[in-house]
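A structural walkthrough
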Amino acid sequence: MPEKIKLQKFVDELPIPNTLSPRKRSSNSSYYEVTMKEFSQKLHRDLGPTRLWGYDGTFPGPTFEVMKNETVFVKWMNDLPNKHFLPVDTTIHGSEITVPEGRSVVHLHGGRTPAHSDGYPEAWFTRNFEQTGPLFEREVYTYPNIERATMLWYHDHTVGITRLNVYAGLAGFYFIRDQNEQSLNLPKGKYEIPLLIVDRSFNPDGSLNYPSKPDQNDANLPHPSLVPPFDADTILINGKVYPFLEVEPRKYRFRILNASNSRILTLKMESNQPFYQLGTDSGFLETTIRINEFVLLSAERIDVIIDFSQYYGQTIILKNVTKSASPETIDIMQFRISVPLKSIDTSSLPFYLEAFERLPKSMAKRTRYLTLVRVKDQYGRSLNLLDGKMWMDRISERIEVNTIEIWRIINIIDDDPHPIHIHLVDFQILDRQPFDVSHFQKTGKLIYTGPPTPPNPYEMGLKDTVATPFGYVTTIIARFGPFTGRYVWHCHMLEHEDYEMMRPFDIF
């Protein structure tokens, strides 16, 4: 590993990504163009400019602000170099030496999107669409925005190099607004702040460091070689290392996304003050809940209000209290409650937010048991699989459109919980139940060792990504629709996703 660079914390102000303007707009639709390109950006006062890839040449990319049921058309354009600046492992399926390195495809994460616009991993394209992947269909994507008000995000989803393209900077926010949200009188405008949290490692010259091989010194390994999930050593928010934010003594709404490749965040205020949680990945909870800390795995989002009204003159650090956090990754950002109140805070902290459809188990047409397993590849590296199947194996999940299914995800991989993301659908977490792992490995039969536990309070809403801890069966329920076609489900640890921990499913 490179020498660790000590960067002073809280010397750069938190940037807010720009909002994107459409090229054309009509009463109920809008058209955007976004270009992926290589550029340099200063990520910390004391670092030289860092070479990045980003949407419209910024990291994070520009923010979409759209209305529910507004049809949004986006032409995603690739102006990336032909060669990647991060280490490409050509032994991974879909990333062979014959495939162009400067390929990309965009997924609107959490979007209920037609299959042709979902960013299928094999629908990639290169500069000017000169080369395209086997499942490429169209240059302009369609997003119907039929979800409830929520914060989605868009990011690269290219088979075999998603981990590198996202690490290089290809990610941004996508907000859907609706009338219910507007009626709630929540903090808005400059008092609503998105936080895109990632971890990155740097070389002394400011360039990104991403390992080209695992720590083990094994002569058999290819070079470059995929690494296991990679936790970097520096935290960035909205493209700045350990930023600060000057705030007024009032309520603020924060829309928080963990966009790290694999890092787990457990967030807590140093002052022990509460978060008032409004929503999860897929929109509002039914009622506001008060929590003191919460966990976000890769791709998970949370919508919270923090009230600074009692803290004028103080500085408070947002902490990452995950057990595995290193000294460099405990501090996330600093709030300086140093700006006098500009006007009386008339925003609300509502109790009731919005009803949503809870699916009763009795409506499920079928229950699937899907096991997360780990084997070794030909080089002795870990190979994590969904239900023991490789990406190219025959499609085993075929689902009739608009039917409800229960998925019971059985995790026998002894490490951190895997964030499992299912495209197209919102789901509810029903419960998690411990089981006898060794008995299951010997017999394939589940013997439970304790009662089912309900989801954590902060997971009670609709989700698109779920933590699946080792030794538990994690049960979710979803309605698979409203579109037909081919979608994917996968682990959102990007190093796992890139190396076979992703499977297609068909809705017909």
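Scroll up a little and you will see the structure.
Here's what I pulled together on the structure shown here.

Calculation rules
Residues numbered from 1 in each chain as written. Predicted model: local features only at pLDDT ≥ 70, side-chain atom pairs only at ≥ 80, totals over all residues. Heavy atoms only, no water. Helix = DSSP H or I, 4+ residues; strand = E, 2+ residues; numbered from the N terminus. Buried < 20%, exposed > 50% of the residue type's maximum accessible area, 1.4 Å probe, protein only. Contact = heavy atoms within 4.5 Å. Salt bridge = Lys/Arg side-chain N within 4 Å of Asp/Glu carboxyl O. Phe/Tyr/Trp six-rings, centres within 6.5 Å; stacked < 30°, edge-to-face > 60°. Lys NZ or Arg CZ within 6 Å of the ring centre and 35° of its normal. Pairing = 2+ DSSP bridges. Polar contact = N/O pair within 3.5 Å; in protein donor to acceptor, adjacent residues only side chain to side chain. Core = buried A, V, L, I, M, F, W, Y, C linked by side-chain atoms within 4.5 Å.

Here we look at the side chain of Thr-126
Topologically, Thr-126 is positioned in the loop between strand S6 (106-109) and strand S7 (140-143). Thr-126 gets classed as buried once you look at its relative accessible area, which sits at 7%. Setting aside anything within four residues of it in sequence, one finds Thr-126 in contact with Asn-78, Pro-100, Gly-102, Arg-103 and Gln-131.

Re the pattern of salt bridges
Taken as a whole, this structure holds 37 salt bridges when the rule is applied. Measuring nitrogen to oxygen at the nearest pair gives 3.8 Å for the salt bridge that ties Arg-255 to Glu-181. A residue pair is termed long-range when its members are at least 10 positions apart, and Arg-255 in strand S15 (residues 251-258) and Glu-181 in helix H2 (residues 179-183) qualify at 74 residues. For Lys-319, the salt bridge is made with Asp-331, and the minimal N-O distance between the two is 2.6 Å. On the criterion of sequence distance, the pair formed by Lys-319 in strand S21 (residues 315-320) and Asp-331 in strand S22 (residues 331-337) is long-range, its members being 12 residues apart. Taking relative accessible area as the criterion, Asp-331 reaches 11% and is therefore assigned buried. If you follow the salt bridges from partner to partner, you end up with Glu-65, Arg-177, Glu-181, Glu-192, Arg-253, Arg-255 and Asp-303 in one network.

Considering the packing of aromatic side chains
As enumerated under the stated definition, the model contains 31 aromatic pairs in all. For the ring pair Tyr-252 and Phe-254, a centre distance of 6.1 Å and an interplane angle of 20 degrees mean the geometry is stacked. The exposure class assigned to Tyr-252 is buried, which follows from its relative accessible area of 4%. Here a set of aromatic residues connected by ring pairs shows up, and it is made of Tyr-32, Tyr-55, Phe-64, Trp-76, Tyr-141, Tyr-143, Tyr-154 and Tyr-174. Lying across the ring of Tyr-191, Arg-250 places its NZ or CZ 3.5 Å from the centre. Sitting above the plane of the Phe-244 ring, Arg-336 keeps its charged end 3.6 Å from the centroid.

Details of the pairing of strand S20 (residues 301-307)
The buried fraction of S20 is high, at 6 of 7 residues. For S15 and S20, the ladder comprises 7 bridges, and the chain directions are antiparallel. Across the sheet, residue Arg-255 finds its bridge partner in S20, namely Asp-303. In this structure, strand S17 (residues 275-280) lies alongside S20, joined through 3 bridges in antiparallel fashion.

Structural notes on the environment of Ser-396
Within the fold, Ser-396 resides in the loop between strand S24 (382-386) and strand S25 (398-399). Along the sequence, Ser-396 and Asp-506 sit 110 residues apart, while their C-alpha atoms lie 8.7 Å from each other. Excluding anything up to four places from it in sequence, Ser-396 contacts Arg-368, Lys-389 and Arg-503. Here the side chain of Ser-396 touches Glu-397 through a polar contact of 3.1 Å, side chain to side chain. Here Arg-503 takes part through its side chain, which lies 3.2 Å from a polar atom of the side chain of Ser-396.

Looking at the nonpolar core
Ranked by internal contacts, the top residues of the largest apolar core, which has 98 residues, are Phe-64, Trp-76, Tyr-174, Phe-254, Ile-256, Phe-294 and Phe-335. Of all the elements, strand S10 (residues 192-202) adds the most residues to this core, at 6 residues. The residues touching Ile-256, leaving out its near neighbours within four places in the chain, are Met-151, Leu-195, Ile-197, Leu-267, Phe-294, Leu-296, Glu-300, Arg-301, Ile-302 and Val-304. Counting residues in each nonpolar core, the second largest holds 25 residues, with Leu-370, Ile-413, Val-425 and Phe-427 among its members.

Describing the sheet that holds strand S31 (residues 485-491)
The mixed open sheet is built from 5 strands, whose spatial order is S25-S32-S31-S27-S29. Edge positions in the sheet fall to S25 and strand S29 (465-468), since each of these pairs with one other strand and no more. Inspection of the sheet shows S31 paired to strand S32 (residues 502-507) by 6 bridges, in the antiparallel sense. Bridging from a neighbouring strand, Tyr-487 pairs with Phe-505 of S32.

All quantities given are derived from atomic positions and should not be read as evidence of function.
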